[in-house]
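Each chain, letter by letter, is given below.
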Amino acid sequence: MSEVIYRKYRPKVFKEIVGQKPIKITLENEIASGNLAHAYLFVGPRGTGKTSLARLFARSLNCTNRKDKESEPCNNCENCNLILAGRSMDIIEIDAASHTGVDNVRDNIIANSQIPPFNSNGYKVFIVDEVHMLSKSAFNALLKTLEEPPKRVIFILATTEIHKVPETIISRCQRFDLKKIPIKDIVKRMTEIAEWEKVQISEKILSEIARRSEGCLRDAESLLGQVISISGGKVTDELASLVLPNSNWQAIDELTGALRLKNLSTALNQINKLVDEGADLNIFISDFVDYIRQIMLYKIIGPSFVIDFDDNLTDSIKKHAQDFALEDISKLLNIVLDKLSIKETMIDQLPLELACVEFLLAQEETKDFSSDVVEEKSKKKINLNTEDIKNLQTNWHKVVANAKPLNHSLSAMLQTSHPLSIEQNLLIIGLEYDFHREQLDKPEVKENLIATFNEILDRKISISFEIDPNYKQNHQNFKGKSENGIEEVLDTFGGEML
Ligand SMILES: [Zn+2]
């Protein structure tokens with residue numbers, strides 16, 4: 001089944017080729033204009049479409065229905081059908097991995113290339129896969145033919161290891177470097193296939209398949225085939241997990257969040273929960289490293305860096321990139337990689353746990369030894385663009401008013417406070433003075449506040465209070481240019497101040 005999917009949906013026309021746009025356009029232009037090279041070199045990782053592209057190119061050149069100045073083959077004429085069935089005399093595919101010797105090159109390529117193509121208006125096309133496997137003498141023999149190419153003969157050499165191909169060969173070819181296929185494109189292609197196969201499958205599972213195949217469309221299609229073959233038309237998460245190794249992106253995101261908030265106990269609990277659930281820790285850690293790396297790259301490069309995840313995770317990564325200091329994220333990555341080198345431990349999760357502890361200790365140290373610098377950096381700005389904060393901004397008067405029945409001075413303290421951030425449903429409220437925190441952090445007061453915040457934000461949240469080192473500016477920004485500022489304060493105090 002899995003192999004079937006791959007063969008069944010092998011691209012038959014250029015517009016079906018996934019990714020490789022610039023290469024596709026160049027080849028199509030060459031076909032349409034008849035301005036062809038004698039030899040082509042397709043370089044790229046496995047499963048990126050080298051042979052698919054080579055066969056399509058060969059078919060298009062030999063299609064008898066193809067019109068002048070067009071590039072797509074008809075896939076219907078005799079030539080197209082022969083080539084599609086692998087029975088054309090003019091298209092010779094050679095796997096250099098199993099034909100490394102000079103004799104093979106002499107017999108299969110050199111001698112054969114002297115015979116004109118069967119289709120006299122078409123081309124004889126030699127597709128040599130894994131060309132880097134040829135022996136030195138085989139390369140030399142091939143080079144002679146490339147230097148004096150027979151008429152109407154085209155060579156397409158494909159390789160995954162260009163460094164093993166002699167420079168003399170490379171310089172005789174028009175070279176194309178095929179790229180790994182982006183996850184989004186793989187998901188799009190698999191969505192089409194699932195539709196044709198009339199199978200229901202969530203985007204989450206498709207993204208996971210795409211991630212697992214690391215830019216190799218053939219692997220993705222093969223995994224998709226396996227997933228489809230065990231399902232009866234509807235692929236559930238449970239069924240998919242039988243084929244796909246389990247990865248827990250949600251857990252990775254939560255672990256990253258806990259580390260950013262310096263919440264060591266949450267981080268360690270998260271790791272141990274995963275182990276209890278039987279997660280594959282090796283996959284988890286390698287995904288975790290990938291995740292932190294993408295945060296770091298986005299932080300440095302900015303929006304022009306394409307995050308290779310689905311939309312949900314992409315949003316989380318952007319958020320982490322915004323909130324993590326670059327210094328911290330690179331430190332985290334370094335520490336995790338360093339701890340991964342610990343091989344001999346009886347407890348699988350220990351290296352990751354140690355990495356978390358060390359990361360947070362490292363941050364404590366920086367604080368102790370250079371508190372001024374850290375304080376400067378930790379002057380957090382409220383992000384007034386988030387929906388939650390905006391919502392709180394418009395409704396802060398409710399927070400103040402609802403606290404009034406409890407105690408007027410509490411109400412006044414809230415009037416002078418502001419939300420600093422909200423993440424993972426934890427709302428941090430910034431205060432100017434420590435004694436405000438003592439008053440507000442009492443259980444009965446918190447309970448009352450939480451009820452109000454739940455109502456405003458329309459979900460369950462928890463709160464904590466912090467002294468805001470950037471209090472003045474943040475408070476000013478949060479209040480905005482409110483004309484009613486004074487009236488609000490007076491109202492809070494019930495006019496008693498006057
Ligand atoms: Zn045709």
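What you are looking at is a predicted structure, and each value in this text was computed from that prediction instead of being measured. (Residues numbered from 1 in each chain as written. Predicted model: local features only at pLDDT ≥ 70, side-chain atom pairs only at ≥ 80, totals over all residues. Heavy atoms only, no water.)

## Section: the coordination of the zinc ion
Argument step 1. Surrounding the zinc ion are the protein donor atoms Cys63 (SG), Cys74 (SG), Cys77 (SG) and Cys80 (SG), at 2.3 Å.
Argument step 2. Viewed at the metal, the four donor atoms of the zinc ion are separated by angles of 101 to 119°, and the geometry they form is tetrahedral.
Argument step 3. Every donor residue of the zinc ion comes from the same chain, spaced as C-x10-C-x2-C-x2-C. With a gap of 11 residues between them, Cys63 in the loop between helix H3 (50-62) and helix H4 (78-84) and Cys74 in the loop between H3 and H4 connect regions that are remote in the sequence. (Donors = N, O, S within 2.8 Å, 3.2 Å for Na, K, Ca; no water. Tetrahedral: all angles 85-135°; square planar, octahedral: opposite > 155°, others 65-115°. Helix = DSSP H or I, 4+ residues; strand = E, 2+ residues; numbered from the N terminus.)

## Remarks on the pairing of strand S2 (residues 91-95)
Argument step 1. Relative to strand S3 (residues 124-129), S2 is paired through five bridges, and the arrangement is parallel. Bridged to Ile94 within S3 is Val128.
Argument step 2. With respect to chirality, the unit in which S2 leads through helix H5 (residues 102-113) into the neighbouring parallel S3 is right-handed. (Pairing = 2+ DSSP bridges. Right-handed = clockwise from strand over helix to strand, strands pointing away.)

## Some thoughts on the environment of Gln322
Argument step 1. Within the fold, Gln322 resides in helix H15 (residues 311-323).
Argument step 2. A residue is classified by how much of its surface remains accessible, and Gln322, at 46% relative accessible area, is partly exposed.
Argument step 3. Along the primary structure Gln322 and Asp468 are separated by 146 residues, whereas in three dimensions their C-alpha atoms are 19 Å apart.
Argument step 4. Once residues lying within four places of it in the same chain are set aside, the contact partners of Gln322 are Lys299 and Asn383. (Buried < 20%, exposed > 50% of the residue type's maximum accessible area, 1.4 Å probe, protein only. Contact = heavy atoms within 4.5 Å.)

## Remarks on the packing of aromatic side chains
Argument step 1. Counted by the stated rule, this structure contains nine aromatic pairs.
Argument step 2. With centroids separated by 5.3 Å and ring planes inclined at 20°, the aromatic side chains of Tyr9 and Trp196 adopt a geometry described as stacked. A residue pair is termed long-range when its members are at least 10 positions apart, and Tyr9 in the loop between helix H1 (2-8) and helix H2 (21-33) and Trp196 in helix H8 (residues 183-196) qualify at 187 residues.
Argument step 3. With relative accessibility at 44%, the residue Trp196 sits in the partly exposed group.
Argument step 4. One aromatic cluster is present, built from ring pairs that chain together Tyr40, Phe42, Phe57 and Phe176.
Argument step 5. Looking at Arg152, its charged tip hangs above the ring of Tyr123, at a distance of 4.6 Å from the centre.
Argument step 6. The ring of Phe324 carries Arg260 above its face, with NZ or CZ at 6.0 Å from the centroid. (Phe/Tyr/Trp six-rings, centres within 6.5 Å; stacked < 30°, edge-to-face > 60°. Lys NZ or Arg CZ within 6 Å of the ring centre and 35° of its normal.)

## Quick look at H2
Argument step 1. Taking 1.5 Å per residue, 13 residues should reach 18 Å; H2 reaches 18 Å between its end C-alpha atoms and fits that length.
Argument step 2. Taken together, the buried positions of H2 are Ile23, Lys24, Leu27, Glu28, Glu30 and Ile31. Across the axial projection of H2, the buried residues extend over an arc of 160°, all falling on one side. Along H2, exposed side chains directed more than 90 degrees from the buried face belong to Lys21, Pro22 and Ser33.
Argument step 3. A positive backbone phi angle near 75° is found at Gly34, which sits one or two residues after H2. (Expected span 1.5 Å × (residues − 1). Arc of directions from axis to C-beta.)

## What to know about the sheet that holds strand S4 (residues 153-159)
Argument step 1. Ordered in space as S2-S3-S4-S1-S5, the five strands form an open sheet in which the pairing is parallel. Each of the sheet's edge strands pairs with one partner strand only, and the pair in question is S2 and strand S5 (174-177). Here the strands of the sheet are splayed against their neighbours by 15° on average, with no regard to which way each runs.
Argument step 2. The sheet strands contacting H3 are strand S1 (39-43), S2, S3 and S4, and the helix crosses S4 at an angle near 170°. (Axes fitted to C-alpha atoms, helices over the stretch in contact; angles between N-to-C directions.)

## Looking at the nonpolar core
Argument step 1. With 37 residues, the main nonpolar core has Leu255, Leu259, Phe288 and Tyr291 as its most contacted residues.
Argument step 2. Secondary structure elements with two or more residues in this core: helix H12 (249-260), helix H13 (264-276), helix H14 (281-301), H15, helix H16 (326-340) and helix H17 (350-369).
Argument step 3. Considering each element in turn, this core owes the most residues, 11 residues, to H14.
Argument step 4. Counting residues in each nonpolar core, the second largest holds 27 residues, with Phe126, Leu134, Val153 and Leu157 among its members. (Core = buried A, V, L, I, M, F, W, Y, C linked by side-chain atoms within 4.5 Å.)

## Describing the domain arrangement of the protein chain
Buried accessible area, meaning the area lost when the parts come together, often serves as the stated size of an interface.
Argument step 1. Looking at the assigned domains, one finds that the protein chain contains domain 1 (20-177), domain 2 (183-243), domain 3 (249-376) and domain 4 (387-492).
Argument step 2. Between domain 2 and domain 4, the C-alpha centre-to-centre distance is 47 Å. (Domains from an automatic or database assignment.)

## Describing the pairing of S3
Successive side chains on a regular strand alternate, one facing one side of the sheet and the next facing the other.
Argument step 1. Within S3, five of the six residues are buried, which leaves the element mostly enclosed by the surrounding structure.
Argument step 2. As judged from the five bridges shared by S3 and S4, these two strands associate in the parallel manner. Bridging from a neighbouring strand, Ile127 pairs with Ile156 of S4.
Argument step 3. A crossover connection joins S3 to the parallel S4 through helix H6 (residues 136-147); in handedness this β-α-β unit is right-handed.

## Describing unusual backbone geometry
Argument step 1. A positive phi is found at Gln20, a non-glycine position, where the angle reads about 55°.
Argument step 2. Relative to the assigned elements, Gln20 resides in the loop between H1 and H2.
Argument step 3. With a relative accessible area of 9%, Gln20 lands in the buried category.

## Digging into the packing of helix H19 (residues 387-403) against helix H22 (residues 443-457)
Argument step 1. The contact between H19 and H22 brings their axes to 9 Å, and the two run at 140°. In terms of orientation, H19 lies oblique with respect to H22. The handedness of the crossing between H19 and H22 comes out as right-handed. Contact residues: Asp388, Asn391, Leu392, Asn395, Trp396, Lys398, Val399, Asn402 and Ala403 in H19; Asn448, Leu449, Thr452, Phe453, Ile456 and Leu457 in H22.
Argument step 2. Here the contact of H19 with H22 is composed, by residue class, of eight nonpolar, five polar and two charged. (Parallel < 35°, antiparallel > 145°, perpendicular 65-115°, else oblique. Left-handed = near helix turned anticlockwise from the far one by under 90°. Nonpolar A, V, L, I, M, F, W, Y, C, P; charged D, E, K, R; others polar.)

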